[in-house]
Amino acid sequence: PLVLGIETSCDETGIGIVRGRTLLSNTIASSMDEHARFGGVVPEVAARAHLEALQPSIDAALAEAGVTLDELDAVAVTSGPGLAGALMVGVGAAKGLAVSLGKPLYAVNHLVGHIAADILTPDAEPLEYPTIALLVSGGHTSLLHVRDLTTDVELLGETVDDAAGEAFDKVARLLSLPYPGGPEIDRAALDGDPDAIRFPRGLSRASDLAKHRYDFSFSGLKTAVARWVERFEADEANQGTAVPVADIAASFREAVVDVLVTKALAACADLGVPRLLLGGGVIANRRLREVALERAEAAGVTVRIPPLSLCTDNGAMIAVLAAELISSGRGPSTLAFGADSTLPVTEIQVAEAVPA
Ligand code: ATP
Ligand code: MG
Ligand code: FE
């Protein structure tokens, strides 16, 4: 089926068009620059930007794919999770588009969309089930057990406080590096020693593991970095010495990467699943990919990493998830759905029409 997907859960206005499992276009307009001076995504600003970017993005995606609205078999949209106001803009646009065109509408889960992105990876073998998926972005840090993309996705664990990307952004700010912090920390870490400072690995003590084996926590790590910098600056012996940003960045990054990879591979081992799929914008982190590939190989686990343009928020992953739902015989959603900022990952499609 020919599907147009609309994604507006955060700061990217993503419009993607797929035909079955083939990617035709994937336009992304980001309001990142508008959030930079606030050091994080401002929901109201993001929503406004979506409203302005939607129409031109849809036009650009159609032109690039070489298709017209009339030819579409369905429209797909992210219903949640994400920023409520931002989601509402996409949901409203999708409903209007589907109704005016008389086309079926599929309201789908953003996190499952991140997994579906794997399908569009050029030259990839089909995804094998079950697989463990680790999704890390500015808004999410989730570990999933995927038995079937369209019917059975289980949440194993998630962050209990900050998302991994959020931690990168906050620590960058603390080190006076610009937003978004991920790429900045990555760059600063190049000249740093990852073993210079031993920062805490959240929820990794034996006592934590009993209840939070697959959960993450990054706010304690952020605080540890802040304390370390404070102590360094307060120490008489360091007067006139600059804060060792490279070592802090490298050591902080190592702590995040270590805990992400350790927990993901623990899930693979515990559940006997030798496959790990990575997704989300933090996958751009070179060290994360390196450590994941290295340790997975040692553990006999194969790792799949979609190209970055499919890892960050985009409309094509939403379109292909809907295409998979259609191919597996699922009916469209009714219009009785809205934006659900906390939509659980088990709800792959929302408001599916009950067959008469
Ligand atoms: P969502 O959480 O809804 O998926 P998002 O917009 O917050 O959306 P992405 O766009 O997928 O997330 O990713 C952005 C996040 O990824 C930011 O927090 C950014 O700092 C982080 N990031 C980007 N590049 C890197 C990198 N090289 N290393 C670490 N983090 C990175
Ligand atoms: Mg983003
Ligand atoms: Fe996302």
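Residues numbered from 1 in each chain as written. Chains lettered and ligands numbered in written order. Predicted model: local features only at pLDDT ≥ 70, side-chain atom pairs only at ≥ 80, totals over all residues.

Identification of the protein as tRNA N6-adenosine threonylcarbamoyltransferase from Microbacterium luteolum is taken from an unreviewed UniProt entry. On record in UniProt, under Catalytic activity (unreviewed entry), the comment for the protein is "L-threonylcarbamoyladenylate + adenosine(37) in tRNA = N(6)-L-threonylcarbamoyladenosine(37) in tRNA + AMP + H(+)". Under the UniProt heading Sequence similarities (unreviewed entry), the entry covering the protein gives this text: "Belongs to the KAE1 / TsaD family." (UniProt positions renumbered as here; feature names shortened; annotations may be inferred.)

Looking only at helices and strands, one finds 12 helices and 11 strands in the protein. A principal-axis box enclosing the C-alpha atoms of the protein has dimensions of 75 × 45 × 35 Å. Every one of the 356 residues in the protein was classed for burial, and the buried ones make up 50%. For the protein, restricting intrachain contacts to residue pairs at least 6 apart in sequence, the fraction spanning at least 24 positions comes to 75%. (Helix = DSSP H or I, 4+ residues; strand = E, 2+ residues; numbered from the N terminus. Buried ≥ 20, exposed ≤ 12 C-beta atoms within 10 Å, placed from the backbone. Contact = placed C-beta atoms within 7 Å.)

Within this numbering scheme, the UniProt entry marks residues 23-319 as carrying the feature "domain: Gcp-like" (unreviewed entry). Each end of residues 23-319 is marked by a C-alpha atom, and these two atoms are 9 Å apart; helix forms 49% of the span and strand 16%.

The topology assignment puts valine 245 in helix α9 (residues 245-271). Taking the number of C-beta atoms within 10 Å as the measure of exposure, valine 245 has 19 and is therefore partly exposed. Taking the C-alpha atoms as reference, valine 245 lies 27 Å from threonine 312; in sequence the two are 67 residues apart. Setting aside anything within four residues of it in sequence, one finds valine 245 in contact with Leu175 and Ala188.

As annotated in UniProt, the feature "binding site: substrate" (unreviewed entry) corresponds to Leu135, Val136, Ser137, Gly138, Gly139, Asp169, Gly182, Asp186 and Asn285 in the numbering used here. Dropping the residues within four chain positions of it, valine 136 is found in contact with Thr141, Ala164, Gly165, Leu260, Gly280, Val282 and Ile283. Secondary-structure assignment places serine 137 in the loop between β6 (131-136) and β7 (141-148). For serine 137, the residues in contact, after removing those within four places along its chain, are Ala163, Gly165, Gly280, Gly281 and Val282.

A few words on the sheet that holds strand β5 (residues 105-109). If you trace the 6 strands from one edge of the open sheet to the other, you get β3-β2-β1-β4-β5-β11, paired in mixed fashion. Of all strands in the sheet, those with a lone pairing partner are β3 (22-30) and β11 (349-350), marking the two edges. When strand β1 (residues 2-7) meets strand β2 (residues 12-19), the two strands line up antiparallel, connected through 6 bridges. Along β2, the bridge assignment pairs valine 3 with valine 18. Strands β1, β2, β3, β4 (74-80), β5 and β11 of the sheet are contacted by helix α12 (residues 316-327), whose axis makes an angle of about 135 degrees with β1. (Pairing = 2+ DSSP bridges. Axes fitted to C-alpha atoms, helices over the stretch in contact; angles between N-to-C directions.)

With that settled, consider the site of ligand 1. For ligand 1, the set of nearby residues contains 24 residues, the closest of which are Gly138, Gly139, Gly165, Gly182 and Gly281. Secondary-structure elements contributing two or more residues to the shell around ligand 1 are α5 (164-174) and α6 (181-189). (Near = placed C-beta within 6 Å.)

Along α6, the residues that are buried comprise Gly181, Gly182, Glu184, Ile185, Ala188 and Ala189. Down the axis of α6, the buried side of the element spans an arc of 165 degrees, and every buried residue falls inside it. Packing partners of the buried residues in α6 comprise α5 and α9. (Arc of directions from axis to C-beta.)

Turning to the confidence of the model for the protein, a few remarks are in order. When pLDDT is averaged along the protein, the result is 96; 100% of the residues meet or exceed 70. Interface confidence in the predicted complex, given as ipTM, is 0.97; pTM for the same model is 0.96. (pLDDT = per-residue confidence, 0-100.)

As a general point, the strands of a sheet are linked pairwise by backbone hydrogen bonds and lie either parallel or antiparallel. A sheet is described by the order of its strands in space; here 5 strands give the open sequence β8-β7-β6-β9-β10, paired in mixed fashion. Each end of this open sheet is capped by a strand with a single partner; those strands are β8 (152-158) and β10 (302-304). In this sheet, adjacent strand axes meet at a mean angle of 25 degrees when their direction is disregarded. As defined by bridge partners, strand β9 (residues 275-279) adjoins β10 across 3 bridges and the pair is classed as parallel. Looking at the pairing, leucine 276 lines up with valine 303 of β10. Packing against the sheet, α9 makes contact with β6, β7, β8 and β9, and its axis sits at approximately 160 degrees to β6.

A few words on the packing of α5 against helix α8 (residues 219-234). Interhelical geometry of α5 versus α8 gives an angle of 10 degrees and a closest axis separation of 10 Å. Our classification of the angle between α5 and α8 gives roughly parallel. Here Ala167, Lys170, Val171 and Leu174 of α5 lie close against α8, whose contacting residues are Leu221, Lys222, Val225, Ala226 and Val229. (Parallel < 35°, antiparallel > 145°, perpendicular 65-115°, else oblique.)

Turning to the packing of α9 against helix α10 (residues 286-299), a few remarks are in order. Two numbers describe how α9 lies on α10: the axes approach to 10 Å, and their chain directions differ by 35 degrees. α9 and α10 meet at a crossing whose hand is right-handed. Contacts from Arg253, Val257, Leu260, Val261, Leu265, Cys268 and Ala269 of α9 reach α10 at Arg287, Leu288, Val291, Ala292, Arg295, Ala296 and Ala299. For the contact of α9 with α10, a count of residues per class yields 11 nonpolar, no polar and 3 charged. (Left-handed = near helix turned anticlockwise from the far one by under 90°. Nonpolar A, V, L, I, M, F, W, Y, C, P; charged D, E, K, R; others polar.)

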